[in-house]
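Structure assessment
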There are 2 protein chains.
Amino acid sequence: MSGHLVASYDAELKDLKQHVLTMGGLVEKMITDAIKALVDRDTELAEKIIAMDHEVNGHEVAIDEKCLELLALRQPTGRDLRFITLALKIVTDLERIGDKCANMAKRARQLNQEPPLKPYVDIPRMAHWVEQMIKEALDAFVRGDAELAIKVCKDDQMVDDLNQQVQRELYTYMLEDPATISRAMRLTYISKSLERIADHATNIAEMVIFMVKGKDIRHTLP
Amino acid sequence: MSGHLVASYDAELKDLKQHVLTMGGLVEKMITDAIKALVDRDTELAEKIIAMDHEVNGHEVAIDEKCLELLALRQPTGRDLRFITLALKIVTDLERIGDKCANMAKRARQLNQEPPLKPYVDIPRMAHWVEQMIKEALDAFVRGDAELAIKVCKDDQMVDDLNQQVQRELYTYMLEDPATISRAMRLTYISKSLERIADHATNIAEMVIFMVKGKDIRHTLP
């Protein structure tokens, strides 16, 4: 007999959970760093985030493969089946968040070549909330915690409100001085990207509620 | 014996394909109509599209359930497994496209209340391409046609270029006359939404190539 151990099904599921959390941790860091690259005018950091997108893509491919393997070899049903199929969907959201972070970093890199438009207050605050939402959505996923997932769905409104506020403020800059338009448009883009990342977190949370409750409340929350 | 017939596995798979195509047809129509509502200044049509989003969401839920049922009861492997898990991912993209169409219709509704900024030339052209890309990505999915999927990935560049052109043109409007900023921003949003819908089509196409070739070329195409 060889010393080779066949991983138990439970261990494989645990491993899948851990891998999703690792990928989540990576995109959380990308959000923080993209905003840090903007606020600190750190173009080197922006470059690093743009390069990290590749790493996120690699995680997506690996997790997809792991899920297909589990479905084919373990033929799960019930809650495990919902968990694995949800992992398949969640990694797509995480990969798209990675894309958006890389794009925010590209805008930060452009903005760093021009004089600063204004001190950033609301955008870092938004980024903080958004990162928290992703963290909680993924925690809700691995723990099967529907209450926490519902909290994430509710927090989305806060990010939407902050984005509206940022958009309105940037609009007044553009109106008053056309020389600010190009920079204000880039900041608008960053603010909207954060708002869309929050939408991804909300999508994940809605799917978690579906997984836990076994019935679909997607598209019904206020 | 009752007259009840148990649907064959092949019939169930065919039914799943058809359902995805139906949902795809719906979002294709939403794209066309959202741009029609803008060009024809047809607010009533915009309202209809906003209401259709609900219907798209219903399809997503139903297809998800169908996929889970097939996975649990038929325990597919190999190519069928890839097909069903891909259907699960594709409906998420289609649902998000529906969201974006509803949002474009909301912007069209706002724009219809103000004087027209300019005749629309590039935006309808973009919409036409984007709709074609979705149609072809879904055809590639149901037929397992990797060549067609590769074409979709390549066409994405065309939409990106058109979006860049629209953005630049709108920027000149804003620079010349601040009174146009609010309308130009809304049009910018619509153009970017179309570009992002093309990204969804590209994502679907990349996943189809993965399904057909059995290996991952996602994130490696130019």
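Everything quoted here is computed from the prediction, not taken from an experiment.

**A closer look at the overall build of chain A**
Summing up its helical and strand segments, chain A has 6 helices and 0 strands in all. Mapped from its N terminus to its C terminus, chain A presents α and β elements in the order α-α-α-α-α-α. Principal-axis analysis of the C-alpha atoms places the extent of chain A at approximately 75 × 45 × 20 Å. Here chain A holds 222 residues, and the buried ones make up 55% of them. Within chain A, residue pairs in contact and separated by at least 24 positions form 85% of the contacts whose partners lie at least 6 positions apart. When the accessible surface of chain A is split by element, carbon and sulfur atoms take 53% of a total near 9,600 Å².

**Notes on unusual backbone geometry**
For A:Arg41, which is not glycine, the phi torsion reads 55° and is therefore positive. By the element assignment, A:Arg41 lies in the loop between helix H1 (9-39) and helix H2 (43-74).

**Focus on the interface of chain A and chain B**
In this assembly, 37 residues from chain A lie in contact with 37 residues from chain B. The contact between chain A and chain B buries some 3,500 Å² in all, and 60% of this surface belongs to carbon and sulfur atoms. Run the count over chain A and chain B and you get 7 salt bridges. Scanning the region where chain A abuts chain B turns up 11 residue pairs in polar contact (both at pLDDT 80 or more). For the side of chain A that touches chain B, the elements supplying multiple residues, two or more each, are H2, helix H3 (78-111), helix H5 (146-176) and helix H6 (181-213) of chain A. For the side of chain A that touches chain B, a count of residues per class yields 15 nonpolar, 10 polar and 12 charged.

**Notes on the relation of the copies chain A and chain B**
Between chain A and chain B, the superposition needs a rotation of 180° and an axial shift of 0.0 Å, giving an RMSD of 0.0 Å. Seen this way, the second copy is the image of the first under a two-fold rotation axis. Here 100% of the contact residues of chain A are again contact residues in chain B; the copies associate through an equivalent surface.

**Digging into the confidence of the model for chain A**
All names here are of chain A. Per-chain confidence: chain A averages 92 in pLDDT, with 93% of residues scoring 70 or above. Least confident of the elements in chain A is H6, whose mean pLDDT is 94; most confident is helix H4 (residues 122-143), at 97. Of the regions scoring below 50 in pLDDT, residues 1-5 engages in 0 contacts with residues more than four places distant in sequence or in other chains.

**Here's the deal with the environment of A:Ile90**
All names here are of chain A. Tracing the sequence through the fold places Ile90 in helix H3. Distance from Ile90 to Ile204, taken between C-alpha atoms, is 6.2 Å for residues 114 residues apart in sequence. Excluding anything up to four places from it in sequence, Ile90 contacts Val20, Leu138, Phe141 and Ile204.

The rules behind the values
- Residues numbered from 1 in each chain as written.
- Chains lettered and ligands numbered in written order.
- Predicted model: local features only at pLDDT ≥ 70, side-chain atom pairs only at ≥ 80, totals over all residues.
- Heavy atoms only, no water.
- Helix = DSSP H or I, 4+ residues; strand = E, 2+ residues; numbered from the N terminus.
- Buried < 20%, exposed > 50% of the residue type's maximum accessible area, 1.4 Å probe, protein only.
- Contact = heavy atoms within 4.5 Å.
- Areas by Shrake-Rupley, 256 points an atom, 1.4 Å probe, with all protein chains shown as cover.
- Buried area = accessible area lost by both parts, 1.4 Å probe.
- Salt bridge = Lys/Arg side-chain N within 4 Å of Asp/Glu carboxyl O.
- Polar contact = N/O pair within 3.5 Å; in protein donor to acceptor, adjacent residues only side chain to side chain.
- Nonpolar A, V, L, I, M, F, W, Y, C, P; charged D, E, K, R; others polar.
- Least-squares fit on C-alpha atoms with pLDDT ≥ 70 in both.
- pLDDT = per-residue confidence, 0-100.

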